[in-house]
Every structure is written in C-alpha cells, then in structure tokens.
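# An overview of the molecular structure
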Amino acid sequence: MKVSFLIPCYNEEENVVPMSEAIIEQMATFLPTYDYDILFIDNCSTDKTRPLLEELCANNKKIKAIFNARNFGQFNSPFYGMCQTDGDCTISMCCDFQDPVEIIPSLVKEWEKGYKIVCAVKSNSKENKLVRFFRSIYYKLIKKHSDVEQIEHFTGTGLYDKSFIEVLKSLDDPTPFLRGIVAELGYKRVEVPYEQQKRRAGKTKNNFGTLYDAAMLSFTTYTKLPVRLAMGMGIFFGILSVLGGITSIILHALKVFDMTFWGLVCVVGFFAAINLVFISVIGEYVLNVKSKISKRPLVIEEKRLNFDKDEKKD
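Here we summarise the structure given alongside this text. Computed from a predicted model, the values in this text were never measured in an experiment. (Residues numbered from 1 in each chain as written. Predicted model: local features only at pLDDT ≥ 70, side-chain atom pairs only at ≥ 80, totals over all residues. Heavy atoms only, no water.)

### Structural notes on the overall build of the chain
Heads up, the rule is: In DSSP terms, a helix is any run of H or I states spanning at least four residues, a strand is any run of E spanning at least two, and both are numbered starting from the N terminus. Using a 1.4 Å probe on the protein chains alone, a residue whose accessible area is under 20% of its type maximum counts as buried, one over 50% counts as exposed, and one in between counts as partly exposed. Should any heavy atoms of two residues lie within 4.5 Å, those residues are counted as being in contact. All accessible areas in this document rest on Shrake-Rupley with a 1.4 Å probe, and a residue is counted as covered only by the protein chains that are shown.
Along the backbone of the chain there are 10 helices and 8 strands. Here the chain, with 314 residues, has 45% of them falling under the buried criterion. Summarising the internal contacts of the chain: among those between residues at least 6 apart in sequence, 82% fall at separations of at least 24. When the accessible area of the chain is evaluated, it comes to approximately 16,800 Å², of which 62% is carbon and sulfur surface.

Structure representation (structure tokens):
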C-alpha cells in the first residue's frame, strides 16, 4: 500500500526541507509497512524554494516536484497536484507546519477502517484570536445558508482515498473549491480534530485579497445568500423610500418639513450606494460563472521532477 503526500508551496525556502524530513520520519516511525512518495507543487516561488526542491529530488527518488509556470492561485495548484498523485491514498498538507505532521498516523488509521475521506478539522488554533473569531462566523454563515452540508474549520487538509482522487480528476472545473467539493461529493467521510499550530517559519501568504477570494468563491458556488440578501434589502429600502417620500410630501404641504436640496442629494447618494453594492454582488456571481465556462487549464507546468517519462494525469 502506498501513501502519497501533496504539499503545495510558495516561497517556503525555510520549510520544504524540514517538511520532507518530518514526513519521512513519521512514515519510518509509525507506518513502516507503507510505501510513500512526497509531491511538492511549487506555485512559482521567487525565493530559494525551487533550488532546494531540485536538490531534494536529486537525493531522494521518493520526492517529486512540479514547478508551475506562474502563480495559479491558492485553489488551482493544490487541486491539480492532488490529481497528479498515484498512491492508494493522498494526504494533503500545508508546507508551513500549521498542519502538524503528527496527525498523519491518525489520518491513515481512519482510512484503514474503511473511510474514503478523512477531514482534518481545526478544533483549536494558535492563530490570531480575532482572525479565528471571524473565520468561525464565516463557517457558520456558509454552513447555515449552503445548498449542501459544509464542514466547519476544514481547509482541505486531510486524507483522500484513490477512488475520490479519481472523482476529482473527472471534474471539469477551472476554479475548484476543494472544501465545497468534499462537502458536496465526499462519501464515507470522517473528521479528525487537531490544533492548528503557528507557522514554523516565513510569512503567511494569506491577506485580505486571498481571504476575500476564498469567501466569495464559496458563497457564490454553494449559497444563494448574497443575492437573496440583496433582494430583501432592495425591497425593504424600496418600501422605506416610498413611505419616506409620501411622508415628506405631506409634511412639506403642511409646512412642517422643508425638503431641501441637500436632503435630496443625501437620499439619492444613499440609494445609489446600495445599488452599487447589489450590482457588485451580482458581479461576483457573473465572474464565478465566467471563470467556470472559460475552459482554461488549472495550471501550466514548467517542469516536473522524478516522474516517470511522459507521466502526466489530467
């Protein structure tokens, strides 16, 4: 039996070597009867990550690498990498050690019981408490309003049976959102809790833009909440403006209230702002649809190391 590891990386020069060593130690100590390989997929790093990966691959044939031609984002690269693995199961983990390698034996143990997907779920985290708070709100929102069951505090880290990897390969989705796909299509699934650690070294690649992309992709793919909210607020403010207009006319006629020019400007500006928000929400859905029908490849490879000749999976 063979376990494949998929480790996405971007500017992780301080972590790629320790990560490979930690996985090898876990396999030798706790799972010595299993064969394994480790696939790093590099999303066009600009530091020393690639030279270090080349050295690792030269010294150990069990370590593989794919170098993307450019940065294809936080969703496409890991998804594509998982589809290139060939183990009886695939374990996907981040390269920054926030997902502790010590969880590997627990994931495999659940897989041995017959589960096809073992989701590593963050029961606790050493990240910023404010960030954790907002993440919790996001997960509860998406779970409550999603068309399919969602998994709280699941980021994609976990174990996937080869049969589910085949399901991923069959999907024709240029913007795959793995967490949602697992929630929607995953079967024989179990959750394993863990405490998210602090990043071992380097700086996080997450910022407001990446977090916003993740949130909007999940909302526009799996919920109708933004559109329904926009419609509800539009109706509410529409009724409010009609009632306000009637009231203003009556008060103006009774000379109780004087509808000034600036009052009109404020009212118009307010509803114009609401309009722009709603248009933006619709735009997010349109962009989501556009990206899904564009038929672009998930990534374009620049190089792959330690693969058999012509070995490439769709």
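### What about the pairing of strand 4 (residues 89–92)?
Working note: regular strand, side chains alternate between the two faces of the sheet. Here is the rule we go by: Whether two strands pair depends on DSSP finding at least two bridges between them.
Residues C89 and I91 line one face of strand 4 and the alternating positions T90 and S92 line the opposite face, and both faces are buried. Across 4 bridges, strand 1 (residues 2–9) lies against strand 4 in parallel orientation. Looking at strand 4, one finds that V3 is bridged to C89. Here strand 4 pairs with strand 6 (residues 154–161) via 4 bridges, running antiparallel. Paired with T90 across the strands is Y160, a residue of strand 6.

### Considering the pattern of salt bridges
Basically, it comes down to this: One speaks of a salt bridge when a side-chain nitrogen belonging to Lys or Arg is within 4 Å of a carboxyl oxygen belonging to Asp or Glu.
Inspection of the entire model under this criterion finds 11 salt bridges. Across the pair K2 and D86 runs a salt bridge whose closest N-O atoms are separated by 3.0 Å. Remark: D86 occurs in the loop between helix 3 (73–82) and strand 4 and K2 occurs in strand 1; sequence separation between them is 84 residues. Close ionic contact of D35 with K62 constitutes a salt bridge, the shortest N to O distance being 2.6 Å. Here K62 lies in the loop between helix 2 (49–59) and strand 3 (63–68) and D35 lies in strand 2 (residues 35–42), a separation of 27 residues in the sequence. Relative accessible area serves as the criterion here: at 36%, D35 is assigned to the partly exposed category. Among the residues examined, K62 registers a relative accessible area of 31% and is labelled partly exposed. Each of K2, D37, K64 and D86 takes part in a single network of salt bridges with overlapping partners.

### Points about the packing of aromatic side chains
Formally: Note on ring pairs: Phe, Tyr and Trp rings are taken, using the six-membered ring of Trp, and paired if centres are within 6.5 Å. Classes follow the plane angle, with under 30 degrees stacked, over 60 edge-to-face and the rest tilted. Remark: a charge is flagged as sitting over a ring if the NZ atom of Lys or the CZ atom of Arg is within 6 Å of the ring centre and within 35 degrees of the ring normal.
Under the defined criterion, the tally for this structure stands at 4 aromatic pairs. On the numbers, 6.4 Å between centres and 45 degrees between planes, the contact of Y34 with W111 is tilted. Placement of the pair is Y34 in the loop between helix 1 (16–30) and strand 2 and W111 in helix 4 (residues 104–112), with a sequence separation of 77 residues. Y34 gets classed as buried once you look at its relative accessible area, which sits at 14%. Taken together, a centroid distance of 6.0 Å and an interplanar angle of 20 degrees make the contact between Y160 and F164 stacked. Side by side, Y160 and F164 carry an identical accessibility label, which is buried. By the ring-pair criterion, three or more aromatic residues cluster together here, those being Y160, F164 and Y187. The ring centre of F307 lies 4.8 Å from the NZ or CZ of K64, which sits over that ring.

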